Amino acid sequence: MKKKITYAIPFLVLLVIMLFTGNQQAFAGLEDCQKCHGTVISDFAVAPPAPADTCKACHEGFLINEDHPYPSWTAVYVPNAGYFKNSGSIATGVPKIHSYHNGKNTPANSGWCRNCHVAADCESCHKAVTHKTHGSIPVDSLKKYTVSTGTGYSLKPISCSTETCHGFYSTGVVINRTDGEQLCINCHSTDKTGHTPERLEPFHNSANQTLRLGITENVISCEGCHTGNLAVEHKLVAQELSQPEDTECGYCHMASAKLPVQDAVQVIKTVNSGLTDITMKNANRSCRVCHFNVAVLPERPAEHLTYHKAVLSDNLDISAGAHSDCNTCHARTNLLTKIEDLARLPITERKYDCFTCHNQETGLAPEHTARLDGEYMGLLDVHPGCATCHTPGTNAAAKVETIALQVNNGSDYSCTECHFGASLDAGHTGEIDSNCTKVCHKPVLTEEHLNNSITQAGNADNPLNCVTCHQSPNETVKTAVVTGNTDCIACHDVAHNFNLVQKIPADIPLYAGYQWSLPQPADIWSGEEWMPTGYEGGKLLISNRLIVSRETVWNYYQKQMAANGWTLPALELNEDSFKAQFKKDRRNATVFFYGGENHLTSPVLPDGYRLEILYK
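First things first, this report covers the structure right here in the doc. (Residues numbered from 1 in each chain as written. Predicted model: local features only at pLDDT ≥ 70, side-chain atom pairs only at ≥ 80, totals over all residues. Heavy atoms only, no water.)

### Some remarks on helix 10 (residues 259-273)
For an α-helix, 3.6 residues make a turn, and residues three or four places apart therefore share a direction. The terminal C-alpha atoms of helix 10, which comprises 15 residues, lie 21 Å apart, in line with the 21 Å expected from a rise of 1.5 Å per residue. Every buried residue belonging to helix 10 is among Val261, Gln262, Ala264, Val265, Ile268 and Asn272, and all of these are buried. Take helix 10 and look down its axis: the buried residues cluster within an arc of 160°, on one side only. Among the exposed residues of helix 10, those pointing more than 90 degrees away from its buried face are Leu259, Asp263 and Ser273. (Helix = DSSP H or I, 4+ residues; strand = E, 2+ residues; numbered from the N terminus. Expected span 1.5 Å × (residues − 1). Buried < 20%, exposed > 50% of the residue type's maximum accessible area, 1.4 Å probe, protein only. Arc of directions from axis to C-beta.)

Structure representation (structure tokens):
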């Protein structure tokens, strides 16, 4: 008889220890469950089993010991817990623990084995079970089952297995109550057991405002590219980022979510708890609640930022300024094809300029011709880029909106609508030696060219006017105008029978140790293979050769150019050479570093490496 009893004990031991482990996990997850389910589950309290008090009652002593064999194993002793199949048995999870003690194991119906191998009494392990009202169904009646106490078996009520709670110890634990609701913390730990897609769906469906693209049949919304269910959409994002399973839950819930997001989710839950209209509930979960709300997520999704950046037009944000809302572009049938073509491109290739849409083909060609001194001139010749006039939030952009109304009403406009008075003089203040202005010259170019009777005495038959400079065919003059260079030497390289040399701009750093040439006209090298386009009228500085490292020289220019306000749109960085293109406001510069002949990277000449700096 003793041997029969000992057969049953390993199963009970496993059960008790697993329950101990599982309930510790369950309590650890209580706070997380409350994030979504409120505090209802706090009304159900289960103290964790103490192995020394509960497991050992069956798993040690005469009921189970080292002489309690199983066909393929012999019980081993786990300190302070009792005899188990192996030392790791005590870590078995809750569902398996319950299944081992549900009375359906092999010897449960055989003689004395039933003393241990029928269903185990819940109170054999859970000594401090407190059943309060749980959810909407209080425990008001208890069914009786044949259970084992470790020393015998009998009919008695089992509080954990009434029909309104668990059912009775089925494998994996039944988590649905008869009313369709489910318990969680008392049976499974902190994973997503029970959070099936079907159950999550109604609490994560969203609805977003739709946008009609010019024609009623062409409607788009966030769902045009994204899944309307937030749980599914966020899971796809997590998978794309190769993040662990269930990471997406932490985007919005639990401590891993950003505090503003947690607050936004709580507001949604609070508002929706008082609603019955499903459509309104879904609308309250729209993407814009978080993704386009700077108070919640200040950074906009990279996808949308890229869609609305005219990368090739000074990175202008076209979602602002004259583009007052989505329909400015998306409600135009003549732009549908262009917008669709851009949308199909990968982000890295989705580069366009303003003229992608603003052209003759679409009927949206801009009017970039203004009156000046009775003549008409093209603005693109004297303004370096779209941002000069169209940067949202600037005075220039506001003036452009006014001018656009004039043009739409059939009127033209003049340069002086933007350029006049003090601002005009400030933009024409020349860089000139003070000795030159004592008698002959004036420091303001407009005064010098238009109103200086001394220097303009010989121009009576062909007086200078604004067009003289601003429509000049001379590349040097055009460069000075476009870059805003008001140094007299930028245009006049000879004066009073002396050759004049322009100073090297203060924000063009020269690497120490090299000897440098005077600024040379870049046009000398025009058409050569190494010469980049866009430097007509620019200058070139050439160094001698030195034995220096590419890394040291590049680190210097990277830091110095950034400190001087230059940005780095393009870089070709090799082991022994680099070509770096910089941009600052209207100006451009390119720094070359190479060791071979005529801009070749190799073979490196014995005298070392040369630097050249193009600027305009």
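### Regarding the nonpolar core
Ranked by size, the top nonpolar core spans 20 residues in total, and within it Val553, Tyr557, Phe578, Phe582, Phe593 and Leu611 carry the most contacts. Contributions of two or more residues to this core are made by helix 22 (550-563), strand 21 (578-584), strand 22 (587-594) and strand 23 (609-615). Ignoring anything within four residues of it in the chain, the contact list for Tyr557 reads Pro509, Leu510, Tyr511, Trp516, Ala562, Phe582, Val591, Leu611 and Ile613. Ranked by size, the runner-up nonpolar core spans 11 residues in total, among them Ala370, Val382, Cys415 and Val481. (Core = buried A, V, L, I, M, F, W, Y, C linked by side-chain atoms within 4.5 Å. Contact = heavy atoms within 4.5 Å.)

### Points about the state of the cysteines
The final tally for this structure, using the stated rule, is 0 disulfides. Left unpaired, Cys491 is separated from the closest cysteine sulfur, that of Cys469, by 6.3 Å. (Disulfide = S-S within 2.5 Å.)

### Structural notes on the pairing of strand 23
Within a regular strand, side chains alternate between the sheet's two faces. Counting buried residues along strand 23, 6 of its 7 residues qualify, which places the element largely inside the surrounding structure. Sheet analysis places strand 19 (residues 539-546) next to strand 23, joined by 6 bridges and oriented antiparallel. When the bridges of strand 23 are listed, Leu541 appears paired with Ile613. (Pairing = 2+ DSSP bridges.)

### Here we look at a nonpolar patch on the surface
On the surface, a cluster of nonpolar side chains totalling about 230 Å² of accessible area is made up of Leu568, Leu571 and Leu573. With respect to the helices and strands, the residue Leu568 is situated in strand 20 (residues 567-573). With relative accessibility at 37%, the residue Leu568 sits in the partly exposed group. (Patch = residues over 30% accessible without salt bridge, like charges linked within 9 Å, V, L, I, M, F, W, Y side chains within 5 Å. Areas by Shrake-Rupley, 256 points an atom, 1.4 Å probe, with all protein chains shown as cover. Salt bridge = Lys/Arg side-chain N within 4 Å of Asp/Glu carboxyl O.)

### Observations regarding helix 22
With 14 residues, helix 22 extends 20 Å between its outermost C-alpha atoms, agreeing within 8% with the 20 Å of an ideal straight helix rising 1.5 Å per residue. Restricting attention to buried positions, one finds in helix 22 the residues Arg550, Val553, Trp554, Tyr557 and Met561. Around the axis of helix 22, the buried residues are gathered within 95° of arc, so they sit on the same side. The exposed residues of helix 22 that point more than 90 degrees off its buried face are Glu551, Lys559 and Ala563. A positive backbone phi angle near 95° is found at Gly565, which sits one or two residues after helix 22.

### A few points about the packing of aromatic side chains
Scanning the model with the defined rule gives 9 aromatic pairs in all. Ring geometry for Tyr556 against Tyr557: centres 5.0 Å apart, planes inclined by 90°, an arrangement best described as edge-to-face. Given a relative accessible area of 24%, Tyr556 falls into the partly exposed group. Judged by centre distance (4.9 Å) and plane angle (15°), the rings of Phe593 and Tyr609 are stacked. Note that Phe593 is positioned in strand 22 and Tyr609 in strand 23, a separation of 16 residues in sequence. What makes Tyr609 buried here is its relative accessible area of 11%. The structure contains a cluster of three or more aromatic residues connected by ring pairs, namely Tyr511, Tyr514, Trp516, Tyr556 and Tyr557. (Phe/Tyr/Trp six-rings, centres within 6.5 Å; stacked < 30°, edge-to-face > 60°.)

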